Amino acid sequence: MFTQMEYQGASDLHLFHDAATGLQAIIAIHSTALGAAIGGCRFIEYTTHDDAIQDALRLAKGMSYKAALAGLPHGGGKSVIIKPRKPFDRRALMLAFGECIDQLQGRYITAMDSGTLTTDMDAIAEKTRWVSCTSSAGDPSTYTSLGVIEGIKSAVKHLFDKDNLEGIRIAIQGLGHVGMAVASHLSMEGAHLTVTDINTSLMKTAVEEYKAKAVAPDDIYATDVDIFCPCGLGGVLNKNTIGQIKAQIIAGSANNQLLTSEDGYALDRRQILYVPDYVINSGGLIFVALAHAKEDPQTIHHQVANIGKTLTQLFSASQTSSIPPFALANQQAESIISAAAFHSRDDRRIIS
Ligand code: NAD
């Protein structure tokens, strides 16, 4: 466990068990140098406890990088409630988990993630105030999609020197909460869409409402477009797909799009501009953090719109340094976090 913590650079790892509800939960904190660790709570099945711990540690690090480049006063954390294989009382689990979070006294703020709902956050909020994404707060996907649009515009300006998306050809992979909202925005801005999803009824909606062309899931990579926009699964940029890609820009919401960092360099060698996923998809986290801080919608919109400016600066620094944007973003995030850690006296490395 300590080896995994060291590998991911994690600060603390908290394991919780509650016999009454059957709760088995993990909270991984990567860093609190910039402020309270923030990041969603997963509620999914895991094959082993070790898998759950690794997932929480890996995701917590990603949240630290995302928060740092989004300019948020937060470190990264992530929690996992291991979904029981036998019948369970969902509300009781969430209430028990709320008590666990409360014990950390604000060191970690939770939110929605894979498998959790706003109603789960409502239950957690009955036990702790260190929670965002309750049903009264709203849906982070709206802000994630706004950030993706800002990121696409920034990439189009950088590579094509074009100030609008009129006539730009974009292939969207995944038409869920974020992908469908992105499709709606892009179609309003005059882009030509090609879409795919494993859910055919979502494809039908995009074809009917946004005049999109639908293709089979495996055919999306080789589609002749200007931009590939992955909004489905992670790991889609890998040695099997990169050679097929015709787009000059990759800009989408999916987390962990690169299977390995070598795949990022492979895209760079092919002169494809890969917009780092955790920068372009940070609108949801910005919303989660600012909604928890009770900021008004205008302030939240303004900060999400800044994603475009952050990326414009990143592209220009990448050009000057000849370091691909994804690698430069990692360097910048690490330097923001280590500078804050240097000034912070909170250098605990604890396990409880
Ligand atoms: P979602 O589950 O609502 O949508 C994902 C869609 O992808 C689904 O419609 C699914 O059918 C489709 N899909 C799955 N496998 C596919 C495949 N092989 N080919 C084509 N389509 C496939 O999820 P979401 O909330 O829209 O998030 C999309 C991505 O963005 C995820 O990777 C998520 O982690 C990331 N993300 C989301 C947010 C947010 O605010 N929702 C924030 C940051 C990052």
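We now turn to the structure provided with this report. Just so we're clear, the structure is a prediction, and the values are computed from it rather than from any experiment.

1. Focus: the site of the ligand
Residues in contact with the ligand amount to 21 residues; listed here are only the nearest, Thr-144, His-177, Val-178, Asp-197 and Gly-232. Between the ligand and the protein, one listed contact pairs an oxygen atom with a side-chain N or O atom of Thr-144 at 2.7 Å. Between the ligand and Val-178 there is a distance of 2.8 Å, counted from an oxygen atom to a backbone nitrogen or oxygen. In the complex, the protein chains occlude 73% of the 830 Å² of accessible area that the ligand would expose alone.

2. Considerations on the packing of helix H6 (residues 177–188) against helix H7 (residues 200–210)
Where H6 meets H7, the closest approach of the two axes is 11 Å, and the angle between their N-to-C directions is 15 degrees. In terms of orientation, H6 lies roughly parallel with respect to H7. Helix-helix and strand crossings are classified by hand; for H6 and H7 the assignment is right-handed. Counted together, Met-180, Ala-183, Ser-184 and Ser-187 of H6 and Leu-202, Thr-205, Ala-206 and Tyr-210 of H7 form the full contact between these two elements.

3. A look at the pairing of strand E8 (residues 192–196)
Burial analysis of E8 places four of its five residues in the buried class, the great majority of the element. The pairing of strand E7 (residues 169–173) with E8 spans five bridges and is classified as parallel. Bridge pairing in E8 links Ile-172 to Val-195. Following the backbone out of E7, through H6 and into the adjacent parallel E8, one traces a crossover that is right-handed.

4. A short note on the environment of Ala-266
The residue Ala-266 is located in helix H8 (residues 261–269) in this model. Overall, Ala-266 belongs to the buried group, its relative accessible area being 18%.

Rules of the game
Residues numbered from 1 in each chain as written. Predicted model: local features only at pLDDT ≥ 70, side-chain atom pairs only at ≥ 80, totals over all residues. Heavy atoms only, no water. Near = heavy atom within 4 Å. Polar contact = N/O pair within 3.5 Å; in protein donor to acceptor, adjacent residues only side chain to side chain. Areas by Shrake-Rupley, 256 points an atom, 1.4 Å probe, with all protein chains shown as cover. Axes fitted to C-alpha atoms, helices over the stretch in contact; angles between N-to-C directions. Helix = DSSP H or I, 4+ residues; strand = E, 2+ residues; numbered from the N terminus. Parallel < 35°, antiparallel > 145°, perpendicular 65-115°, else oblique. Left-handed = near helix turned anticlockwise from the far one by under 90°. Contact = heavy atoms within 4.5 Å. Buried < 20%, exposed > 50% of the residue type's maximum accessible area, 1.4 Å probe, protein only. Pairing = 2+ DSSP bridges. Right-handed = clockwise from strand over helix to strand, strands pointing away.

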